[in-house]
Amino acid sequence: MAQVPVQTIHRDPQLFYWILIPITLVMILTGVLRHYATVLMASAPKRQDMPTLREQRSLMRGINLRANANAISPASFQARKDYLVNAYESGAFLKEPEKKGQGAPNPMTDPAAMEGMMGMMKGNMAMIVPQTLIMGWINAFFSGFVIIRLPFPLTIKFKSMLQAGVATRDMDPQWMSSISWYVLCIFGLQSVFNYLLGSDNAASQMAQQMGSMGPGAGAQMFGPGVDPDKQFQGEAENLAVLAHQYTLEGVEDRILNTVRV
Amino acid sequence: MTSSLLHPPAHLPPNVALQLSQQAPTLLQSTPSAISPYSLSSLWSAAESAELWMTYENLMLSCLRTGDEQSAHQCLERLTARFGADNERLMALRGLFQEAVATDDAALKQVLEEYDTILKKDSSNIPITKRRIALLKSLKKTTEAITALNQFLDSSPSDAEAWAELADLYASQGMYPQSIFALEEVLLITPYAWNIHARLGEILYMAAISGEAGSEKYLAESIRRFCRSIELCDDYLRGYYGLKLTTARLLTGRSQPSRQAKSDSALATPDSKTLERLNETATAKLSEIVRRSVAGEAGWEGFTKSEVIAAKALLETDAVKISR
């Protein structure tokens, strides 16, 4: 059985001190810096003024009524339904009643919407700018170095992942280039940041990516570009066709059947 | 030790509140006096947690309750140092502190004026709006409080706390239909809150015995509310108490079989047989609860002492009536 000779490369031990450690250190420090930069740049959640709040909460009231109508008597439900449907259709709860029926405002011209986008931009910038700078720095100074040898064998497929920037065909995939080390650092320092900055830190990019996925359905509902009048009309229709059932109907028999003394 | 400090201390019994506030000096000493979010030291010291600030807030409320104003002030100072004086919640807390240390009505009125100036500048300050309503209530200006609450609820109708408060205020004024309406709003927000169901039953009962029109309808609905509260929460003492009271009243008042023409929307009153069985069940359950909780059996300790005593009294009056 032919033994594959172990590839040996004589490296200057100084490579270890002057490339591996600096890259790791710089990555950690930028992570910490990014965390504090994000904390500093974060704009406080914007306060909503009373008319906006009224608009949203009045809609919530209709939704609550629709969902939990069973808890109240048919007469009470009818009274509330009549009132809410009427008010929704006439636009009594709208923030700007005179703008009823004009459609949703363009989110690009709405300053409130712009502010939200700016916040997102700022977060993304805090990710992109340092990443670009460090990548450039590593490319300029450390490209082409093979710095460590992983202590376990790997298949050939890993070559492109671990030896980025080193264009040698015959080198064992165990050897790792500096740029690959950098990429590994980006993804692998998560737990270090958790340890240093607490688990809800801004340095980890996983959180960043999750954040940009969309802040949830709540923001969608009242987000920019949604016409509140349309929402009100839809809710009025939902309420108008709702069939009401009273939970208290026959509750005394249910109790008598279930309670055993 | 501090786990009970993480919940708002509104319903703590007095002895627990006293115990908590007696821990205040040690607790205040053991925690660092200032935590800045940007300092380098936060890299190696323990990170600040939301629990800490919650503890401070609840500790302050407990201290105010037991008269330890010094510790309360210290809590307030630390919260202010962290969140700034113009934080809405802190403004309300500071107002609460000032109300607590005020000695007479004149001082309270001054606090009220402060609230008014704050609200004039920024009318969307919800904590201060609520504080102002509470202060109006404690100054016995109930009608003004009701007006302010109605205004607040117009712009924020999904606030269960405010609706419940409004229901209490209306009930204190004897305006039961309004109070019932407000409690129904609370139920629309929290449909499974058995205490609200029982509370609504109580208000319905009060409306029925106050001699308003359609008292039988109120009583019937009251019975059903209590049934629902029991359905949602087994062995709910308040529910059984109310059930016993309402069924007994309906049974004794049922001498005249005047079956007035009922409107279709309301449910019919349960027939006498059902009422009697409900009454029996409630009586049996109440005596079981009283017996077991007085004996201190395992699993039966959670009942409020005063409620158990009231239930016992109700059962005793019942027993006297029977023996006669």
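Residues numbered from 1 in each chain as written. Chains lettered and ligands numbered in written order. Predicted model: local features only at pLDDT ≥ 70, side-chain atom pairs only at ≥ 80, totals over all residues. Heavy atoms only, no water.

An unreviewed UniProt entry lists chain B under the name ER membrane protein complex subunit 2, with Mollisia scopiformis given as the organism. Listed under Function (unreviewed entry) in UniProt, the entry text for chain B is "Part of the endoplasmic reticulum membrane protein complex (EMC) that enables the energy-independent insertion into endoplasmic reticulum membranes of newly synthesized membrane proteins." Of chain B, the UniProt comment under Sequence similarities (unreviewed entry) reads exactly: "Belongs to the EMC2 family." (UniProt positions renumbered as here; feature names shortened; annotations may be inferred.)

Looking at an unreviewed UniProt entry, one finds chain A named ER membrane protein complex subunit 3 and attributed to Mollisia scopiformis. Of the comments in the UniProt record for chain A, the one headed Sequence similarities (unreviewed entry) reads "Belongs to the EMC3 family." We quote the UniProt Function (unreviewed entry) comment for chain A here in full: "The EMC seems to be required for efficient folding of proteins in the endoplasmic reticulum (ER)."

Caption draft 1: Spatial organisation of the pattern of salt bridges. Residue and element names in this part refer to chain B. Using the criterion set out here, one finds 23 salt bridges over all chains in the structure. In this structure, E202 and R238 form a salt bridge, with 2.8 Å as the shortest nitrogen-oxygen distance. Of this pair, E202 sits in helix α11 (residues 194-209) while R238 is found in helix α13 (residues 237-252), placing the two residues 36 residues apart along the sequence. Classification of E202 as buried rests on a relative accessible area of 17%. Here the salt bridges do not stand alone but share partners, grouping D168, R199, E202, R238 and E307 into one network. (Salt bridge = Lys/Arg side-chain N within 4 Å of Asp/Glu carboxyl O. Helix = DSSP H or I, 4+ residues; strand = E, 2+ residues; numbered from the N terminus. Buried < 20%, exposed > 50% of the residue type's maximum accessible area, 1.4 Å probe, protein only.)

Caption draft 2: Broad picture of a nonpolar patch on the surface. Taken together, the side chains of A:F16, A:Y17, A:W18 and A:I21 present a nonpolar region at the surface, about 450 Å² in accessible area. Relative to the helices and strands, A:F16 resides in helix α1 (residues 14-41). (Patch = residues over 30% accessible without salt bridge, like charges linked within 9 Å, V, L, I, M, F, W, Y side chains within 5 Å. Areas by Shrake-Rupley, 256 points an atom, 1.4 Å probe, with all protein chains shown as cover.)

Caption draft 3: The arrangement of the environment of B:L64 in detail. Residue and element names in this part refer to chain B. Mapping L64 onto the fold places it in helix α3 (residues 50-66). On the accessibility criterion, L64 (16% relative accessible area) is buried. Excluding residues that lie within four positions of it along the chain, L64 makes contacts with E69, A72, L96, F97 and A100. (Contact = heavy atoms within 4.5 Å.)

Caption draft 4: Spatial organisation of helix α12 (residues 215-232) of chain B. The end-to-end C-alpha separation of α12(B) is 26 Å, in line with the 26 Å expected for 18 residues at 1.5 Å each. Across the 18 residues that make up α12(B), a large majority, 13, are buried. (Expected span 1.5 Å × (residues − 1).)

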